[in-house]
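# Chain and residue survey
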Amino acid sequence: MNRSFPALLLFVMIPALAFAQATQAKYGNDFLTTGSGARALGMGSAHAALTGDVTSAYWNVAGLAEVETPQIMYMHSERFSGIVGYDYGAAALPLKSNNGVVSISFFRQGVDNIANTLNAWDRERDQPKQDVESYITRFSAADMALLFSYATQKSEKLSYGASAKIIRQKLGPFAEAWGYSLDIGVKYQADFTSFGVTVHDITTMQKMWGVNESAFGDYEAQFDSLGVSLPTGQNEFVLPSVKLGVAKLFPIGGDFLVSAAADVDLLFENRQAYYINLGRMSVEPHVGSEISYKDVIAFRAGVTDFITDPVSGFSVSPTLGLGLKVSSFVLDYGFSSFAGASSDLGFTHRISLRFDI
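Let us look at the structure shown here. (Residues numbered from 1 in each chain as written. Predicted model: local features only at pLDDT ≥ 70, side-chain atom pairs only at ≥ 80, totals over all residues. Heavy atoms only, no water.)

## Notes on the environment of Thr-198
Selection criterion: The helix and strand labels rest on DSSP assignments: H or I over at least four residues marks a helix, E over at least two residues marks a strand, and numbering proceeds from the N terminus. Summary of the burial criterion: residues with accessible area below 20% of their type's maximum are buried, those above 50% are exposed, and those between are partly exposed, where the area comes from a 1.4 Å probe applied to protein chains only. Contact between two residues is taken to exist if any of their heavy atoms lie within 4.5 Å; hydrogens are not considered. In protein, a polar contact requires one atom able to donate a hydrogen and another able to accept it; more generally it is a pair of N or O atoms within 3.5 Å, and residues adjacent in sequence count only if both atoms are side-chain atoms.
Along the polypeptide, Thr-198 turns up in strand β10 (residues 194-200). Thr-198 sits in the buried class, given a relative accessible area of 2%. As for Thr-198 and Val-186, which are separated by 12 residues in sequence, their C-alpha atoms are 6.6 Å apart. Leaving out residues up to four positions away in the same chain, Thr-198 has contacts with Tyr-58, Trp-59, Asn-60, Ile-184, Gly-185, Ser-241, Val-242 and Lys-243. A distance of 2.8 Å separates the side chain of Thr-198 from the backbone oxygen of Trp-59, its partner in a polar contact.

Written out as structure tokens, the structure is:
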């Protein structure tokens, strides 16, 4: 028997054994849907069958097998008029001993400088305390993820890989959670097109929440006055999700290359949101295209967030992007709106820089 099999079996079973004491979390890892790299955003996040660089660790880890030289990347993005910050950094290294590629990726989404006013209200006078600013403290709420990935080329047409994922969520000094799971991906290059399949959290994400009771101790009276009890920690689990992708390249002459891609995300959380719903399954499509000139400059466009709102009707979110390659540097810019160009929720601007060593 393969010696690694018992360890793998235990890794898969631990989340399942905890279900009896855990509750299902909807949108439990939604902060990761921002993804990695500005190129993907410009193409409507349709990337599972197209990705082939260091960002593949998120979109489809099998794409890492196409990395031929060491790569590093950093990306910064802001949403909701700069309130929510998103940072991503990654590095990929091809292994000389075999056809494998390893990578490490870090994600952080956070809202910083949040005002904590729990201790600034005078309950007896029913108004703010004197010198109220001295009673206001500030904290951050952040979601973080760390991915350790490996991919290899099985044949000229088939590649596959896996990512071990660790989640860290922190709500100031009040609460924190740890989670872990495994992502897998497969990419197949057929004669006429390429296909990609990614399963996020295939082992089911198990998240363990803990509450710092001492941090709430100073505010127990405020909670009592509101008629609510202090929060307690609990375990949560996040169900697997599937991303299916197809992509096709169209060379035009010797200088231009057109790429077309389409993805479908399948989620099984019974979200019943404004996407396409089939029972407990939600279907979220993504469509994108890119035209590049001599692999130096690229223009991108796409659509995502296919939403049917009972009030405003059907809408999609358009995306746009630009790419520029100078020597060993690749600079990408992506733009998207929330629920259409006239959305009141603001816009996303994403910039990423990749360096091929």
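Anyway, onward from the coordinates.
## Some thoughts on the side chain of Asp-356
By secondary structure assignment, the location of Asp-356 is in strand β20 (residues 347-356). Only 3.5 Å separates the side chain of Asp-356 from the side chain of Gln-71, close enough to count as a polar contact. Discounting chain neighbours no more than four positions away, the residues touching Asp-356 are Thr-69, Pro-70, Gln-71 and Ser-328.

## A closer look at the pairing of strand β14 (residues 256-267)
Consecutive side chains along a regular strand alternate between the two faces of the sheet. So the rule is basically this: Strand pairing is defined by DSSP finding a minimum of two bridges between the two strands.
Direction of pairing for strand β13 (residues 241-252) relative to β14: antiparallel, over a ladder of 12 bridges. Bridging across to β14, Lys-243 finds its partner in Asp-265. In this antiparallel pair of consecutive strands, β13 and β14, the connection spans 3 residues, and Gly-253 shows a positive phi of 65 degrees. Across 12 bridges, the pairing between β14 and strand β16 (residues 281-293) is antiparallel. The residue bridging Leu-267 from the neighbouring strand is Ser-282, located in β16.

## Focus on the nonpolar core
Short version of the rule: Nine residue types can take part in a nonpolar core, namely buried Ala, Val, Leu, Ile, Met, Phe, Trp, Tyr and Cys, and a core is a set of them joined through side-chain atoms within 4.5 Å.
Grouped together as the largest cluster of nonpolar side chains are 26 residues, with contacts concentrated most on Leu-32, Leu-64, Tyr-88, Ala-92, Phe-107, Ala-145 and Ile-167. It is strand β3 (residues 84-94) that provides the largest number of residues to this core, a total of 4 residues. Core analysis: the second largest hydrophobic core is formed by 6 residues, Met-43, Leu-50, Ala-247 and Ala-261 among them.

## Focus on the pairing of strand β9 (residues 175-189)
When strand β8 (residues 158-171) meets β9, the two strands line up antiparallel, connected through 14 bridges. Among the inter-strand pairings, Ile-167 is bridged to a residue of β9, identified as Gly-179. In this antiparallel pair of consecutive strands, β8 and β9, the connection spans 3 residues, and Gly-172 shows a positive phi of 55 degrees. Sheet topology note: the β9/strand β11 (residues 205-211) ladder contains 6 bridges and is antiparallel. Looking across to β11, one finds that Glu-176 is bridged to Gly-210. The pairing of β9 with β10 spans 6 bridges and is classified as antiparallel. Residue pairing across strands places Lys-187 opposite Gly-196, the latter belonging to β10. Taken together, β9 and the strand that follows it, β10, pair antiparallel across an intervening segment of 4 residues.

## Some thoughts on the pattern of salt bridges
Heads up, the condition is: The term salt bridge refers to a pairing of a side-chain nitrogen on Lys or Arg with a carboxyl oxygen on Asp or Glu at a separation within 4 Å.
Under the definition given, this model contains 15 salt bridges. For Glu-290, the salt bridge goes to Arg-39, with nearest N and O atoms at 3.0 Å. Residue Glu-290 is located in strand β16, and its partner Arg-39 is located in helix α2 (residues 38-42); the two are separated by 251 residues in the primary sequence. Its salt-bridge partner being Lys-243, residue Asp-265 comes within 3.0 Å of it at the nearest N-O pair. Note that Asp-265 is positioned in strand β14 and Lys-243 in strand β13, a separation of 22 residues in sequence. The same class applies to Asp-265 and to Lys-243, which are both buried. The network of salt bridges with common partners includes Arg-39, Glu-290, Arg-300 and Asp-332.

## Some thoughts on empty space enclosed by the protein
Put simply, the rule reads: Definitions used for this entry: grid spacing 1 Å over protein atoms alone; cavity, a set of points where a 1.4 Å probe fits but cannot get out; pocket, an open set with protein on both sides within 12 Å along at least 5 of 7 lines; lining residue, one with an atom within 4 Å of a point. Grid points are joined across faces, edges and corners, and a volume is the space filled by probe spheres set on the points. Only Asp, Glu, Lys and Arg are considered charged in this grouping, and only Ala, Val, Leu, Ile, Met, Phe, Trp, Tyr, Cys and Pro are considered nonpolar; every other residue, Gly among them, is considered polar.
The final tally for this structure, using the stated rule, is 2 cavities of 30 Å³ or more. For the largest cavity, the calculated volume is near 60 Å³. Forming the walls of the largest cavity are Ser-36, Gly-37, Ala-38, Arg-39, Ala-40, His-47, Asp-53, Thr-55, Trp-59, Met-73, Asp-332 and Ser-352. Considering every element that reaches the lining of the largest cavity, the biggest residue donor is α2, with 3 residues. Among the residues forming the lining of the largest cavity, the class breakdown is 4 nonpolar, 5 polar and 3 charged. Considering only enclosed or pocket space, the second largest cavity measures out at about 30 Å³ in volume. Those elements that provide at least two residues to the lining of the second largest cavity are α3 (56-59), β9 and β10. Broken down by element, the residue count for the lining of the second largest cavity peaks at 3 residues, all from β9. Taken together, the residues that form the lining of the second largest cavity break down as 4 nonpolar, 4 polar and 1 charged.

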